[in-house]
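Survey of secondary and tertiary structure
What follows is each chain in one-letter form.
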Amino acid sequence: MLLKHTTKEVADRKALMINPAKTCQPIGAMYAALGIHGCLPHSHGSQGCCSYHRSTLTRHYKEPIPAATSSFTEGASVFGGQANLVQAIDNIFTVYEPEVIAVHTTCLSETIGDDLPQIFDKAKKDGKVPDGCTVLGAPTPSYVGSHVTGFSNMVKAMAQLAEPTGVKNGKVNVIPGWVEPADMGEIKRLAELVGVDITLFPDTSGVLDAPLTGEYSMFPQGGVTIPELKGAGDAIGTLALGEWCSADAARWLDSKCKVPCTILDMPFGLAATDRFVDVLRTVAGVNVPDTVTHERGQLVDLISDMHQYFYGKKVALWGDPDQLIAMTEFLISLDMQPLYVVTGTPGKKFEKRIQEICADQPFEVKVKAKGDMFLMHQWVKNESVDLLIGNTYGKYIARDEDIPFLRWGFPILDRQGHQYFPTVGYKGGLRLLEKMLDLFLDRKDRDDPEQTFELVL
Ligand code: SF4
């Protein structure tokens, strides 16, 4: 009974957040930066911030997360962090030899008002940035937005490296949003099957799911390269998967480099994956091959086999807006009932979008942006559900209320292997279905009396 003090009565709270369903901006910026090949993320702030960001990512991805810090002390906190950052850039290129340093700010450096572009100029003028190396930066003040905002800001900084030549290169930019390394790999595989040459950024596949070889490499083989990012300005189009994580970068490329963009939902579930494949083939002017149609048919087959178990099941889910939007649509397509949807990321348009997806359904959805896990628990206490879907922080509710729990999203701190198994695309849909049904049937096996306990379900 870890959350035994959660009350059923929902009070109107404006100035109090209890267990927010989000984390801080720089964590998202750090994750995005790891999707650049040869990149060392750098936290422009105090050591404590950097340690927290690294440890959160390490606990989720089960990989060492390399990152440097400007290591603010009292002096930098009062007079600004320029000297620390210029020194850090010099040290990092000298000692660790990355190709890229991706700097994000913190609450402290933002409050001081440190100007990253001006500091980068000084570092270049002082000869601290070796030829052929890149320094980029994103503002990530954590007192606004969430880790999703930080991810989006760093992805936009990556897009701003584009150097259009005026000659189209025939490639399509795909901005995957915050998904697992395996999801990024799956998006690349799907695009390859369709026959479209894409630039995926960021791309953490091959970085945070790299093999154990016996030798430590600070910069694994994966990640989008700087030449690829420069070429993003010559692409024939950009597909941004997710309004919150990816759209800003895509719109910047559209307005500044004349690369037309399409904003899509993340490809979780059948319909969202169909839209992704359809826009991909339209932009590239190709036909969908039989191999992709075959994979789609397998997902349709499994949905029809499992539908009897999913029908009418009530679900509570929390996490990040882009994931929740696609997952809510997927659950409704299975005739399930996503009753409660909470994100810690602010944005009333999220609530509107979820309400639109759930319109005309035989239930009323409760949805909250800038919400917290306390509210989610209160809703569940008032009317329980059959399934919880979300990150690790829901395990207390699952235990207290004895509800099956599908860990999905970020962070997952208490299970392993998730970074290797995609949940995007048709193949990912199969995995989501299997995991959900296992939870329902395990619960049935646990609770059935002997007279209805069956071998075949
Ligand atoms: S001070 Fe700000 S940036 Fe640092 S860990 Fe806390 S919320 Fe994140």
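Computed from a prediction, not measured in an experiment: that's the story for all the values here.

Here is what the cut-offs are and how they apply
- Residues numbered from 1 in each chain as written.
- Predicted model: local features only at pLDDT ≥ 70, side-chain atom pairs only at ≥ 80, totals over all residues.
- Pairing = 2+ DSSP bridges.
- Helix = DSSP H or I, 4+ residues; strand = E, 2+ residues; numbered from the N terminus.
- Axes fitted to C-alpha atoms, helices over the stretch in contact; angles between N-to-C directions.
- Core = buried A, V, L, I, M, F, W, Y, C linked by C-beta atoms within 7 Å.
- Buried ≥ 20, exposed ≤ 12 C-beta atoms within 10 Å, placed from the backbone.
- Contact = placed C-beta atoms within 7 Å.
- Parallel < 35°, antiparallel > 145°, perpendicular 65-115°, else oblique.
- Nonpolar A, V, L, I, M, F, W, Y, C, P; charged D, E, K, R; others polar.
- Near = placed C-beta within 6 Å.
- Domains from an automatic or database assignment.
- Left-handed = near helix turned anticlockwise from the far one by under 90°.

1. Comments concerning the sheet that holds strand E8 (residues 261-264)
- Spatial ordering of the open sheet is given by E6-E5-E7-E8, a layout of four strands whose pairing is parallel. One side of each edge strand has no neighbouring strand; the edge strands of this open sheet are strand E6 (198-200) and E8. Taken over all neighbouring pairs, the strand axes of this sheet differ in orientation by 20° on average, direction set aside.
- Here strand E5 (residues 172-175) pairs with strand E7 (residues 237-241) via four bridges, running parallel. Counterpart to Asn 173 in the pairing with E7 is Thr 238.

2. Some remarks on the nonpolar core
- Within the largest apolar cluster, 122 residues are counted, with the highest numbers of intra-cluster contacts made by Met 154, Met 158, Ala 316 and Met 376.
- Ignoring any residue separated from it by four or fewer positions in sequence, one finds Met 154 in contact with Gly 28, Ala 29, Ala 32, Ala 33, Ala 102, His 104 and Ala 138.

3. So, the packing of helix H8 (residues 181-194) against helix H17 (residues 425-447)
- Orientation of H8 relative to H17, taken along the N-to-C sense of each, is 135°, at an axis distance of 8 Å. In terms of orientation, H8 and H17 fall into the oblique class. Here H8 contributes Asp 183, Glu 186 and Leu 190 to the contact with H17, which in turn contributes Gly 425, Lys 427 and Gly 428.
- For the contact of H8 with H17, the per-class residue count stands at one nonpolar, two polar and three charged.

4. Regarding the site of the ligand
- Taken together, Cys 24, Pro 26, Gly 45, Cys 49, Tyr 52, Thr 106, Cys 107 and Ser 142 make up all the residues around the ligand.
- Here the shell around the ligand is built from residues that sort into five nonpolar, three polar and no charged.

5. Digging into unusual backbone geometry
- The residue after Phe 201, namely Pro 202, is reached through a cis peptide bond having omega -5°.
- The residue after Phe 410, namely Pro 411, is reached through a cis peptide bond having omega -5°.
- Following the sequence through the fold, Pro 411 ends up in the loop between strand E13 (405-407) and H17.
- Not every positive phi belongs to a glycine, and Lys 62 is a case in point at roughly 55°.
- For Glu 97, which is not a glycine, the phi torsion comes out positive at approximately 55°.
- The topology assignment puts Glu 97 in the loop between helix H4 (82-95) and strand E3 (100-105).
- By C-beta crowding, Glu 97 is classed as partly exposed, having 13 other C-beta atoms within 10 Å.

6. Re the domain arrangement of the protein chain
- Per the domain assignment, the segments of the protein chain are domain 1 (25-159), domain 2 (172-289) and domain 3 (293-451).
- Look at where the C-alpha atoms of domain 2 and domain 3 centre, and you get two points 25 Å apart.
- Counting from both sides, the interface comprises 27 residues of domain 2 and, opposite them, 28 residues of domain 3.
- Within the residue set of the side of domain 2 that touches domain 3, elements represented by two or more residues are H8, helix H10 (243-257) and helix H11 (270-284).
- Top contributing element to the side of domain 2 that touches domain 3 by residue count: H8, with seven residues.
- Of the residues contributing to the side of domain 2 that touches domain 3, the split by class is 16 nonpolar, five polar and six charged.

7. So, the packing of helix H12 (residues 290-310) against H17
- Packing of H12 against H17 leaves a shortest axis separation of 9 Å and a crossing angle of 15°. Our classification of the angle between H12 and H17 gives roughly parallel. In terms of crossing hand, the pair formed by H12 and H17 is left-handed. Residues Glu 295, Arg 296, Gln 298, Leu 299, Leu 302, Ile 303, Met 306 and Tyr 309 of H12 touch H17, and the partners they reach there are Tyr 426, Lys 427, Gly 429, Leu 430, Leu 433, Leu 437 and Phe 440.
- Taken together, the residues of the contact of H12 with H17 break down into ten nonpolar, two polar and three charged.

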